Amino acid sequence: MKRFRRHGQESQRDRLKQELFQFNKTVEHGFPHQPSALGYSPSLQLLAIGTRSGAIKLYGAPGVEFMGLHDENAAVTQVHFLPCQVELVTLLDDNSLHMWTLRAHKGLSELLEIGRFTLTGPPGAPPSVTRVTAVLAHSSGELLLLGTEGGHVFVVEVPGFRELEERNISLDQVASSVPDDYIGRRNLEHVEALQENPVNPNQVVIGYGRGLMVIWDLERQCAVQHIPATQQLESVWWTEDGGYILSSHSDGSYCQWMVSGEDEDEEKSDIPYGHFPCKAISKIVQLPTEEGPPFLLFSGGMPRASYGDRHCITVIHSKTHVALDFTSRIIDFFTIRDGPQHTGDPSALVVLVEEELVVIDLQTEGWPVIQTPYLVPLHSSAITCSHHVSAIPLKLWERVIAAGELQNTHYSKKPWPITGGQNLAPDPPQRDLLLTGHEDGTVRFWDASGVCLYPMYKLSTAGVFHTDADPNDNMNQGTEGEWPPFRKVGCFDPYSDDPRLGVQKIHLCKYSGYLTIAGTAGQILVLELNDEAAEQTVEAKVVDLLQGQEGFRWKGHTRLDVREEPVLFPPGFQPFALVQCQPPAVVTALTLHSEWKLVAFGTSHGFGLYDYQQKNNVLIKCTLNPTDQLAMEGPLSRVKSIKKSLRQSFRRIRRSRVSLRKHHVHNAAKLQEANARLEAELAEMELAPVQRKIEARSSDDSFTGLVRTIYFADTFLSDSSHSTPSLWAGTNGGCVFAYMLRLPPVEHRAEEPVTAQPAKEIQLMHRAPVVGIVVLDGHGAPLPEPLEVAHDLARSPDMQGSHHLLVISEEQFKVFTLPKVSAKMKLKLTAVDGSRVRRVGVAWFGSNRSEDYGESGLVVLTNQGDVHVVSLPTVKMQVHYPCVRREDVSGIASCVFTKHGQGFYLISPSEFERFSLSTRCVVEPRCLVEVPLHPGSSNKHRPQPDGASSAHRYVPSVRVMEHALLNDESEYLRDEEL
């Protein structure tokens, strides 16, 4: 009977787990790492970005996002949408072509790969014959023209990827029609460019590497005109009226050629930036306007000696000439045009550079930048830490937005121009903030409520200190009369004026609007949200964490110099208090209690407590081990010590080799023994992740005094009948310190001092680093946040039953009773699977079946990259999922959990992966892209090639279906497609 009951309880618990927990990687926020290709569909109004890792990402209106990944580990070199269809083609650097489609499934679109193809040449032909260098997606939507390294052009039917051998254009066919005097001087080389005649789709221009361009008639299979350019060709553009071809070249020149059907010299040639040697113009575009001269846009062409390191796109219209100067390499660009047929005046220039996407408004005077709602470069300065705050009150949210809007006056007022697809995701149930700290001392506030991680506000801490930055610097202003007329654009700026400004810890109280920020040089700022600008002096309160201990000398960086004069702070978060730790080591732990007006902080030397209402130090505790000299060295001196130890190692190796040669016979046995010992040690190292025996760590280990976690709690420390405010700190050496705090009554809070007295000290047996501390109330629930109960957003903690202390070390979870601090239960982690806790957080998991039911759980990320959920207060393992690659140490270190079972971690310096462990709280793209209703409208002026009917041309779902059947992919078909 007991066995049946236990089995029933287990199955009931399993069902409950399915209601509460489900792991999903939901969306990637930020800018794709190492982008390599750009595409755009005017009919779908979708943007596509390919990356060096083989990812393909599509973006439309905010919230419309798709992602695909090629099986091949190869870079995407080109992306082309089939005109007026929902298919696109990608070319990889392994020479393979891939067909993707946006297929509707249950009312939502999904990006699917439906075919792949690699050109095959005749037997024995060199690889260059079929190495694809240029791709043209023909306006018929049925053909791909593939130019190759060998000079051939292959014609392929899509989406089935069937080569039409009878329509291929061989190099011999072209060469036989080229004038003898030209072909005699040079060979044609590879196909550099392919462009279709905008008014006659039967004609294409084939541009060869050495400069020759040939206008070819696809229907008659013959050359119509030869354009004998002599400079190395970079790109080709056919003007919209079909009357001219523009070519750009490697010497920084561009030429204009008339399309007449006869071989002619160029009509116009120009080197825009002078006759000194210039870099290549890699791409050129000319677009007409309804009234006035055309827009001319090109990338590159800068004078090689003076500005060869600049990444520029030049825009010329009428008398306006600007060289847009980007901070990273240009990948590609395109323009967006007005009108339902996308043939009106250019409205926006979209530029993909290596580190960001920049959109320029071409219709507003001054051509300002349009702020991007997605693809924002999170790493404009390197991210150093993150902090997530859930369920932001509306008032605070509006005040942060208002402060951010005052910073964005330089942006264009035009709406975001890429509007494809429909965002069908429900409105977020709450307002969430993600705060990122950066190397340059800034903190950026992001709206993390939905699919788009939208920038709201940027806070800079550098103004408090003296730095090398010039306050009058303005990136966007070029010198008047400067040539070329540069204008800096984009926000990617990875250079920090002073690495000591780097933000290491952030804590925001969403109820009071207080914020605390801690940095690399031991600085802790306390800030308050103010809707008006204010001029004030920020005085530093120095905290000596060594407490007079002798024999220690700090070898690291010096503290930052604080400005003594008043500083004008703009509306937003403004600093009013500053604590400076001595030695100025990196702040490793930080927390704020806005109800008690206290900030607690820790470094590798100890921890302190600061009263920011009275601006006084309350507590200073040195945790430094007398044997721990390494804690007195900063990051720079540690690098020096590593170099020194490497030198010593090499000297030892050299000495040992000399001695081995001298005493080879005598030492042979000893050497064999040493090798055996080394092999045994290596074998032990390899088995480390699955070891079972956990040995106690020595107290002589380095950084044992480093404070890893700090925590406020109102709980029972002296007896079980009177609760008291308390401060808890956990160290790298497995030690937990507890202090009782005495707070004066509210009416005397401003005059009477806050006091702290030591209450408890716990030393874990294995001396494993303490990474988390949580106090559980009488019901076993974690204590609420400060002011959460006062705002009626949490129930009051149970102060009747006994409280428990949960100490999370790297190796295990241990529960102690309070106030006696006797061990009650524990859950071992390292001893079971060899993993160690790296990140920990408390989350609420709501049931997806019952609105009223939910459980608190401990969310844990290990050094193996696995995520675990541990039950509270029973500390039993509930579920675990693989999340981050175990080799991705920086990704594991960057992970931050939310209060509702989600998490973020960096998958690259510029991207967060968002994941969810909750069945109820999931943020993911839900969008639909439909086939254009009138896809032929943008090509109405174009005749149909080869008599193709519009009915056949514009029903891509039917043709995709046929292709799927041919490739035995019928599982993708749906009833509605049939």
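Structure shown above.
Since this is a predicted model, take the numbers as computed values, not measurements.

Procedures and definitions
- Residues numbered from 1 in each chain as written.
- Predicted model: local features only at pLDDT ≥ 70, side-chain atom pairs only at ≥ 80, totals over all residues.
- Heavy atoms only, no water.
- Pairing = 2+ DSSP bridges.
- Helix = DSSP H or I, 4+ residues; strand = E, 2+ residues; numbered from the N terminus.
- Axes fitted to C-alpha atoms, helices over the stretch in contact; angles between N-to-C directions.
- Salt bridge = Lys/Arg side-chain N within 4 Å of Asp/Glu carboxyl O.
- Contact = heavy atoms within 4.5 Å.
- Polar contact = N/O pair within 3.5 Å; in protein donor to acceptor, adjacent residues only side chain to side chain.
- 1 Å grid on protein atoms, 1.4 Å probe; cavity = no way out; pocket = protein on both sides within 12 Å on 5 of 7 lines; lining within 4 Å.
- Points joined across faces, edges and corners; volume = space filled by probe spheres on them.
- Nonpolar A, V, L, I, M, F, W, Y, C, P; charged D, E, K, R; others polar.
- Buried < 20%, exposed > 50% of the residue type's maximum accessible area, 1.4 Å probe, protein only.

1. Observations concerning the sheet that holds strand E6 (residues 76-81)
Phase 1: The four strands are arranged E6-E7-E8-E9 in an open sheet whose pairing can be described as antiparallel. Each edge of the sheet is formed by a strand with only one pairing partner; in this case those strands are E6 and strand E9 (108-117). For this sheet, the mean angle separating the axes of adjacent strands, direction not counted, is 25°.
Phase 2: Strand direction decides the pairing type here: strand E8 (residues 97-105) and E9, joined by nine bridges, are antiparallel. Directly across from Arg103, in E9, lies its bridge partner Glu110.

2. Remarks on the sheet that holds strand E45 (residues 606-611)
Phase 1: With antiparallel pairing, four strands are arranged side by side in an open sheet as E43-E44-E45-E46. In the strand order of this sheet, the two ends are held by strand E43 (589-593) and strand E46 (616-622), each with one partner. The sheet shows a mean angle of 10° between the axes of neighbouring strands, direction not considered.
Phase 2: Of the strand pairs in this sheet, strand E44 (residues 598-602) and E45 are connected by five bridges, and their pairing is antiparallel. By the bridge assignment for E45, Ala600 is matched with Leu609.

3. A few points about the pattern of salt bridges
Phase 1: Evaluation of the coordinates by the stated rule reveals 26 salt bridges.
Phase 2: A salt bridge links Glu19 to Arg849; the shortest N-O distance between them is 3.8 Å. Taken together, the positions of Glu19 in helix H1 (residues 2-20) and Arg849 in the loop between strand E55 (837-846) and strand E56 (854-862) put the pair 830 residues apart, joining distant regions of the chain.
Phase 3: For the salt bridge of Glu354 with Arg52, the shortest nitrogen-to-oxygen distance reads 2.8 Å. Here the residue Glu354 occupies a position in the loop between strand E27 (346-353) and strand E28 (356-361), and Arg52 occupies one in the loop between strand E3 (46-51) and strand E4 (55-59), the gap between them amounting to 302 residues.

4. Section: the environment of Gly344
Phase 1: Here Gly344 is to be found in the loop between strand E26 (330-337) and E27.
Phase 2: Between the C-alpha atoms of Gly344 and Leu287, which are 57 residues apart in sequence, the distance is 9.3 Å.
Phase 3: With residues up to four places along the chain from it excluded, the contact list for Gly344 reads Pro288, Arg337 and Asp338.

5. A look at the side chain of Gln523
Phase 1: Looking at the secondary structure, you find Gln523 in strand E38 (residues 523-530).
Phase 2: Separated by 3.0 Å, the side chain of Gln523 and the backbone oxygen of Arg500 make a polar contact.
Phase 3: Excluding anything up to four places from it in sequence, Gln523 contacts Phe465, Arg500, Leu501, Ile517, Ala518, Leu560, Leu578, Val579, Gln580 and Val587.

6. Observations concerning empty space enclosed by the protein
Phase 1: With the rule as written, the count across this model stands at two cavities of 30 Å³ or more.
Phase 2: Here the lining of the largest cavity takes three residues from strand E1 (residues 21-30), the largest share from any one element.
Phase 3: In this model, the second largest cavity occupies a volume close to 40 Å³.
Phase 4: Around the second largest cavity sit Thr461, Phe465, Leu501, Val503, Ile517, Ala518, Gly519, Gln523 and Leu525, which together line it.
Phase 5: Element by element, the count of residues in the lining of the second largest cavity is highest for strand E37 (residues 514-519), at three residues.
Phase 6: In terms of residue class, the lining of the second largest cavity is built from six nonpolar, three polar and no charged.

7. Re unusual backbone geometry
Phase 1: Omega for the peptide link from Val158 to Pro159 comes to 10°, which places this bond in the cis form.
Phase 2: Along the chain, Pro159 falls in the loop between strand E12 (153-157) and strand E13 (162-163).
Phase 3: Note that the residue after Gln582, namely Pro583, is joined by a cis bond; omega there is 0°.
Phase 4: On the secondary structure map, Pro583 appears in the loop between strand E42 (572-582) and E43.
Phase 5: Positive phi values are uncommon outside glycine, yet Leu375 reaches one of about 55°.
Phase 6: For Leu375, a relative accessible area of 2% puts it in the buried group.
Phase 7: In this structure, Val821 is a non-glycine residue whose phi angle is positive, near 55°.

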